[in-house]
Amino acid sequence: MKIISNPLELKKYLQTLNVTIGFVPTMGALHEGHLSLIKEAKRNNAIVVVSIFVNPTQFLKGEDLDKYPRKDDADTKVCELSGVDILFFPHAKDIYTEDEVSILCPKVRGFVLEGFSRPGHFNGVLTVVNKLLNIVSPTNAYFGKKDAQQLHLIKLMVEQLFMRVNIIEVETMRENDGLAMSSRNVYLSKEQRKEALKISSSLKTAFSMVSKGELSTCGITKIMREILSPLEIFYVVILDRKFHTLKKVEIGNSIVLVEVKVGETRLLDNMWL
Ligand code: PAF
């Protein structure tokens, strides 16, 4: 496995190869969820590039940038064992300059839900993803469905900026008890982890209510809020594929999204209905 930290060196090197490139952008602290992205990328591309970069511009003031889990050595081993061809480990100074051109996320869909509780977060996400995609020029780039709003906005960016990459969505990986895998799960105490199971449990209930014929989004989210109580809820909503709110679930075209705070940790999850 090649390890490259200079963006221009990586770009030049990749330009000499005439093969399909699968790209998995990450912030490190790799878990099974990341491994499933890498596996998918390996299945469908000649080479796989993984980036590890804790992107400072997507953290708001006072958020967990400084304590975000960093496991560079372990992550490098995991990538090597998973058959990654190139690990891209850039430094912030090589990604950002002082006077930056920036990408702004859409004013509506980028500032609702997580974008409402973390204003500006998605500007940082889109800016770095745009840069990474331009450095790697992958054939296919892989993102997890757990971050549904992030995925939606990345797809909008690729479509609206006429970018030449296929965005591939990969299923959320869960622990045996249903908790969606996330690098931030390490922040949870034993007790908080138990409380966090209310999230997947509320989603399962939504799914089961729809299977039994309940289509009122208000009716479903009311029950979900009861299950999630007393956690601090940022949102529980049911939207369509284009992220518009729905009064009635449209089966096959609806997603239920939840974000709550457990202790000091924000956790999000979703399920297609
Ligand atoms: O989902 C993540 O890990 C990050 O938001 C991403 C896409 C790597 C951008 O920093």
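Heads up: the structure comes first, above all this text.
Residues numbered from 1 in each chain as written. Predicted model: local features only at pLDDT ≥ 70, side-chain atom pairs only at ≥ 80, totals over all residues. Heavy atoms only, no water.

> What's the story with the environment of proline 138 in this structure? I'm lost.
Mapped onto the elements of the fold, proline 138 is located in the loop between α6 (121-136) and β5 (140-144). Here the alpha-carbon distance between proline 138 and valine 48, two residues 90 residues apart in the chain, equals 9.1 Å. The contact partners of proline 138, leaving out residues within four places of it in the chain, are Ile21, Phe23, Leu133, Arg164 and Val165. (Helix = DSSP H or I, 4+ residues; strand = E, 2+ residues; numbered from the N terminus. Contact = heavy atoms within 4.5 Å.)

> For this particular structure, what's the right way to read the site of the ligand?
Every residue near the ligand is listed here: Pro25, Thr26, Met27, Asn55, Gln58, Val128, Val129, Phe143 and Gln150. Within the contact set of the ligand, an oxygen atom lies 2.6 Å away from a side-chain nitrogen or oxygen of glutamine 58. Here glutamine 150 contributes a side-chain N or O atom positioned 2.8 Å from an oxygen atom of the ligand. Coverage of the ligand by the protein amounts to 88% of the 290 Å² it exposes when considered alone. Going through the elements one at a time, β2 (21-26) and α6 are the ones with two or more residues in the shell around the ligand. (Near = heavy atom within 4 Å. Polar contact = N/O pair within 3.5 Å; in protein donor to acceptor, adjacent residues only side chain to side chain. Areas by Shrake-Rupley, 256 points an atom, 1.4 Å probe, with all protein chains shown as cover.)

> Looking at this structure, how should I read the sheet that holds strand β6 (residues 166-170)?
The strands making up a sheet associate through hydrogen bonds between their backbones, and the pairing can be parallel or antiparallel. The strand order β1-β4-β3-β2-β5-β6 describes an open sheet built from six strands, whose pairing is parallel. In this open sheet, the two strands that pair with only one neighbour each are β1 (2-4) and β6. When the angles between neighbouring strand axes are averaged without regard to direction, this sheet yields 25°. Bridge count for β1 against strand β4 (residues 86-88) is three bridges, and the pairing is parallel. (Pairing = 2+ DSSP bridges. Axes fitted to C-alpha atoms, helices over the stretch in contact; angles between N-to-C directions.)

> I would appreciate a short explanation of the packing of aromatic side chains in the present structure.
The relative placement of two aromatic rings is captured by the distance of their centres and the angle of their planes. Across all of its chains, the model carries two aromatic pairs by this definition. Ring plane angle 35° and centroid distance 6.4 Å describe the contact between phenylalanine 53 and tyrosine 96, whose orientation is recorded as tilted. On the criterion of sequence distance, the pair formed by phenylalanine 53 in the loop between β3 (47-52) and α3 (72-81) and tyrosine 96 in the loop between α4 (92-95) and α5 (114-117) is long-range, its members being 43 residues apart. Centre to centre, the rings of phenylalanine 59 and tyrosine 68 are 5.8 Å apart; their planes meet at 75°, and the pair counts as edge-to-face. The burial state of phenylalanine 59 is the same as that of tyrosine 68; both residues are buried. Positioned above the aromatic ring of tyrosine 187 is the side chain of lysine 67, whose terminal nitrogen or guanidinium carbon lies 4.4 Å from the ring centre. (Phe/Tyr/Trp six-rings, centres within 6.5 Å; stacked < 30°, edge-to-face > 60°. Buried < 20%, exposed > 50% of the residue type's maximum accessible area, 1.4 Å probe, protein only. Lys NZ or Arg CZ within 6 Å of the ring centre and 35° of its normal.)

> How do you make sense of the packing of helix α8 (residues 190-211) against helix α9 (residues 217-228) when you look at a structure like this?
Angle between the axes and distance between the axes: these two values describe a pair of packed helices. Packing of α8 against α9 brings their axes to within 9 Å, and their N-to-C directions diverge by 155°. Accordingly, the angle class assigned to the pair α8 and α9 is roughly antiparallel. Like other packed secondary-structure pairs, α8 and α9 cross with a definite hand, here right-handed. Only Gly219, Ile220, Ile223, Met224, Ile227 and Leu228 of α9 make contact with α8, whose side of the interface consists of Lys198, Ile199, Ser201, Ser202, Leu203, Thr205, Ala206, Met209 and Val210. (Parallel < 35°, antiparallel > 145°, perpendicular 65-115°, else oblique. Left-handed = near helix turned anticlockwise from the far one by under 90°.)

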